[in-house]
Structure formats: C-alpha cells, structure tokens
Amino acid sequence: MTERKPTKTWEKTRLQNLVRHKSGRYYARAFASGKEVWKSLKTSHFSVAQARLAEFLKEHRQRVRNGNGQVSAKMTFGEGAAIHLRNLADNLSLKPRTRDYWLQRLAALIKSWPGLNETEVRNITQPDCKKWAGSYGKTASPTNYNNTIALLQHVLNVAIEAGVIYSNPAAALKRAAIRAKEIALPSIDKFNAMIAEMRMGRSRDSINCADFAAGLAFTGCRLGEARQIRWRDIDFEAGEIVVRGDAETGTKNWELRRVPLIPDSRALFQRMRSERADESLAAPVFRVGECQKALDRACNKVGTGRITHHDLRHLFATRCIESGVDIPTVSRWLGHKDGGALAMKTYGHLRREHSIAQAQRVTFASVRTDSAGVIPFRSTA
C-alpha cells in the first residue's frame, strides 16, 4: 500500500509576504515589534491577492510608523484607553461635559468587564466582546449601552493605529434600538396656570422662578444658555435675543445665534427691565438659574404631569410649529445645525388636541362650487 503524503497547510509563493492556504485562499504575513501578523486577503486568485497584498503592506508600514517604537505589542487595554483620553483632551471642539461623559462610559466599561484594564489588547477576541455586551446590555439603558460600545471600539482603534492589532474585535457589536421618548406637554391654559401658580408661591424667589420658566418657554433656550443671557443681549429695537451661551465654552454648537422676540417674550422682558431699570447691561436677565422645585409644585397644583426645564424648550418648539412656523426656521431658532432633521424627528408631531382640531378640516364630501365665483380660462392647443 502506497502512503499518501500529508497535504501541507501553508504553501509559499513567489512573493515574500504572501502564502497560500490548503483551501486555496491567500494570506498576507508580516512582522511588527517581533510579532507575526496574519491577515486573510479573502481571495483564491493570485493576481487579486497580489494587489491586496500591496495595500496591506502599505497600511502595515504606516501603522508601524504610527507606533514610532514607543508602543509595545503587549499594549494593555488600559494603556490604549489612556491614549484615547489624551486624544479627547487635545480635541478642542469637545465640551467639558462631553469629555466627562466619555470618562463615565470608560468607568462603566471597566467596572462591567473585570480585568479588562490589564488585558493585552491582542488577547481581546470577538467572543469576549460579545459576551461582555450580552451581559452589560441587560442592565444599561440603550443610550449608555450604545455609547459604551462606541468607547470600546474607539480604544481598540487606538491599538489598530499603533499596529498592535489589525482588526477591531468589537466592530461586530450591534447597537440597541432606542425608542423615541414621548413628549407630554401641558396645554396652553395649563401652562399659563402653572406660571401664575409659581408667581403666587411663598418663596422669596417665587416671582423670579416664574419669570425664568416663562423665559425658557418663550425663547426655547437651553438651561445653560438662559442663565447666561445679559440685558445687553436683548435688542428690543431689532426684536431679537443674542444667545451666546457659556462665557468659556459658548453654546452647545459653539456659535452664537439670534432668536426673535415673540410677543410673549417681548412683554416678559420689557416688564422685567422696567422693574430693574437701574441694572447694568452686563447684569444677568434671570435672577435664578433653575426652578425645578417650583415647577414641580405648580404642576401638582394645576393637575398636570411633571415637566422639566428642557420640556419648556420642547413647548416653545411645539407651539411655534402649531402656530405655522416652518420646521427649518424653528430649527435655526433652537440652534440645531442639521437643517431641521432633528426638529422634524422630535417636534414634527402635533399635540393631540391640535391634531384632532385639524382633522375636522378633512372631508370626503363633495364640495359645491359657486359658479359665479369661477373665472373660465380659454383652453389652448
């Protein structure tokens, strides 16, 4: 009986960094920091493999240069995270609160994945990532879950750029679906009753709280933006407010914007200014920076659901749309930078009572036309 020679698993080719598997598929092979790196070229055709090998080697050399000899092939996840955090600190376009949020996500990731900080990145596998995600997703909110996955991917991308790994084991993790929050807003009558109730409170800041809540609803400003409005920012002649945001970080989108004075906001600010005519133009318009407790008490008194400061911004947007202002214009007033996409998604609805009222205008009955009011047009060929 003739013994058959065992089939070799790997076969060399005439190209130094190209090998062929017994299945016929081609693989690239290179070295970085003493570590052997393999990558499937996903083809059984030599000419295609040759072209893809050239791309791989170019990318490989770039990654080795990025490592600059300072990054070890044994980089731990904690070391990669430190590099990512330094990159965030160097990104001047990020707000401090955004950086703080990513720090929170990193803390949640490390807490929910014991030993991750000390684990070498090259030892983190796709099954490891899926196992963690399956466990973490049971306790985290969809938003926090999605952003923690994003952070994990960002840190692993640091290792990819340094040439430590060549693919992201967390890339296949799927994001959780996020259900849009239903916005329950008070009717105009309920809102006016709330403001009146706040003004009648017994606190020394009751009137100031009522003015602040009304100001949020009449301008659509974010909480932090409203706190920074100064008397010099209100131009009664031009009929607009200049929203500058925080003195150091500006508005959420870093740009000042101009919000027109609707009749209610004009009346509010004119009354407030007449009562405090001796104040400097640099003085803040609102004397309080929050009014949630007063809002909660007023909501309870008038019998409506609890609303927050941000809900007053929703109320402004919804009221504008119900009054006939087009969504792109409302979007600009709110300071959105997407041309109205977010406003359409968030505020494109109408409150139930308004929707029902509009529905009464829709009919399938035949409409009789007064012939006396019709001007005939001569048809042309």
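I will try to describe carefully the structure that is included in this document.

Let's talk about the overall build of the protein
Scanning the protein for helices and strands turns up 14 helices and 7 strands. When burial is assessed residue by residue, the protein has 40% of its 381 residues classed as buried. Considering only intrachain contacts with a sequence separation of at least 6, the fraction spanning at least 24 residues in the protein is 57%.

A few points about the packing of aromatic side chains
Taken as a whole and assessed by the stated rule, the structure comprises 10 aromatic pairs. Summarising the aromatic geometry, the rings of Trp132 and Tyr136 are spaced 5.2 Å apart at their centres and angled 15° between planes, so their arrangement reads as stacked. Pair noted here: Trp132 and Tyr136 are both in helix α4 (residues 126-136), with a separation of 4 residues, about one helical turn. Tyr136 carries the same exposure label as Trp132, and that label is buried. Ring centres of Phe316 and Trp333 lie 6.4 Å apart, and the angle between their planes is 45°; on these two criteria the pair is classed as tilted. Linking Phe316 in helix α11 (residues 309-322) with Trp333 in helix α12 (residues 327-334), this pair joins segments that are 17 residues apart in sequence. Among the aromatic residues, ring-to-ring pairing joins Trp113, Trp132, Tyr136 and Tyr145 into one connected group.

As for the pairing of strand β7 (residues 257-260)
Look at any regular strand and the pattern is simple: side chains alternate between the two faces of the sheet. Only one face of β7 is buried, namely the one carrying Arg257 and Val259, since none of Arg258 and Pro260 on the opposite face is buried. One ladder, built from 4 bridges, connects strand β6 (residues 240-243) with β7; its direction is antiparallel. Looking at β7, one finds that Val243 is bridged to Arg257.

Overview of the sheet that holds strand β5 (residues 234-235)
Hydrogen bonds along the backbone pair up the strands of a sheet, which may run parallel or antiparallel. Taken together, the 3 strands give an open sheet; going across it, the order is β5-β6-β7, and neighbouring strands pair in antiparallel fashion. For this open sheet the edge positions go to β5 and β7, each flanked by a neighbour on one side alone.

With respect to helix α2 (residues 77-90)
The end-to-end C-alpha distance of α2, which contains 14 residues, comes to 20 Å, matching closely the 20 Å that a straight helix rising 1.5 Å per residue would cover. Every buried residue of α2 is listed here: Phe77, Gly80, Ala81, His84 and Leu88. Looking straight down α2, one finds its buried side chains confined to an arc of 100°; they lie on one side. Of the surrounding secondary structure, the elements contacted by the buried residues of α2 are α3 (96-112) and α5 (142-161).

Looking at the pairing of β6
Examined bridge by bridge, β5 and β6 share 2 bridges and lie antiparallel to one another. Bridge pairing in β6 places Ile234 opposite Ile241. Between the end of β5 and the start of β6, which pair antiparallel, lie 4 residues, with Gly239 showing a positive phi angle near 75°.

Here's the deal with unusual backbone geometry
Even without being glycine, Lys42 reaches a positive phi, approximately 55°. With respect to the element layout, Lys42 can be found in the loop between β4 (35-40) and α1 (46-67). Owing to a relative accessible area of 61%, Lys42 belongs among the exposed residues under this scheme.

What about the packing of helix α7 (residues 206-219) against helix α9 (residues 263-275)?
Closest axis-to-axis distance for the α7/α9 pair is 9 Å, and the angle between their directions is 145°. Taken as a pair, α7 and α9 cross one another with a handedness that is left-handed. Taking contact as the criterion, the partners of Asp211, Ala214, Gly215, Phe218 and Thr219 in α7 are, on α9, Asp264, Ser265, Leu268, Phe269, Arg271 and Met272. Here the residues of the contact of α7 with α9 are counted per class, giving 5 nonpolar, 3 polar and 3 charged.

What to know about the packing of helix α6 (residues 188-199) against α7
Where α6 meets α7, the closest approach of the two axes is 7 Å, and the angle between their N-to-C directions is 155°. When the axis of α6 is compared with that of α7, the two are roughly antiparallel. Along its contact with α6, which presents Phe191, Ile195, Met198 and Arg199, the element α7 presents Ser206, Ile207, Cys209, Ala210, Asp211, Ala213, Ala214, Ala217 and Phe218. Looking at the contact of α6 with α7 residue by residue, the class counts come to 10 nonpolar, 1 polar and 2 charged.

Parameters and conventions
Per chain, residues are indexed from 1 in the order of the written sequence. Local features in this predicted model are restricted to residues whose pLDDT is 70 or higher, and side-chain atom pairs enter the listing and the counts only when it is 80 or higher, whereas totals over whole chains, interfaces and linings include all residues. The basis for the side-chain values is all heavy atoms of the structure; hydrogens and waters are excluded. Numbering of helices and strands starts at the N terminus; helices are DSSP runs of H or I of at least 4 residues and strands are runs of E of at least 2. Note on exposure labels: buried denotes an accessible area under 20% of the residue type's maximum, exposed denotes more than 50%, and partly exposed covers the range between, all computed with a 1.4 Å probe on protein chains only. In this description, contact between two residues means that some pair of their heavy atoms is separated by no more than 4.5 Å. Only rings of Phe, Tyr and Trp enter the pairing, Trp through its six-membered ring, and a pair is recorded when the two centres are within 6.5 Å. The plane angle decides the type: under 30 degrees is stacked, over 60 is edge-to-face, the rest tilted. Strand pairing is assigned whenever DSSP identifies at least 2 bridges connecting the two strands. Given a helix with a known number of residues, its expected span is that number minus one, times 1.5 Å. By arc we mean the arc of the directions from the helix axis to the C-beta atoms, nothing more. Angles shown run from 0 to 180 degrees and are taken between the N-to-C directions of axes, each axis being a line fitted to C-alpha atoms and, for helices, limited to the stretch in contact. Should the near helix be turned counterclockwise from the far one by less than a right angle, the crossing is left-handed, whereas a clockwise turn marks it as right-handed. Polarity classes work like this: nonpolar for Ala, Val, Leu, Ile, Met, Phe, Trp, Tyr, Cys and Pro, charged for Asp, Glu, Lys and Arg, and polar for all others, with Gly in that last group. For this classification, under 35 degrees means roughly parallel, over 145 means roughly antiparallel, 65 to 115 means roughly perpendicular, and everything else is oblique.

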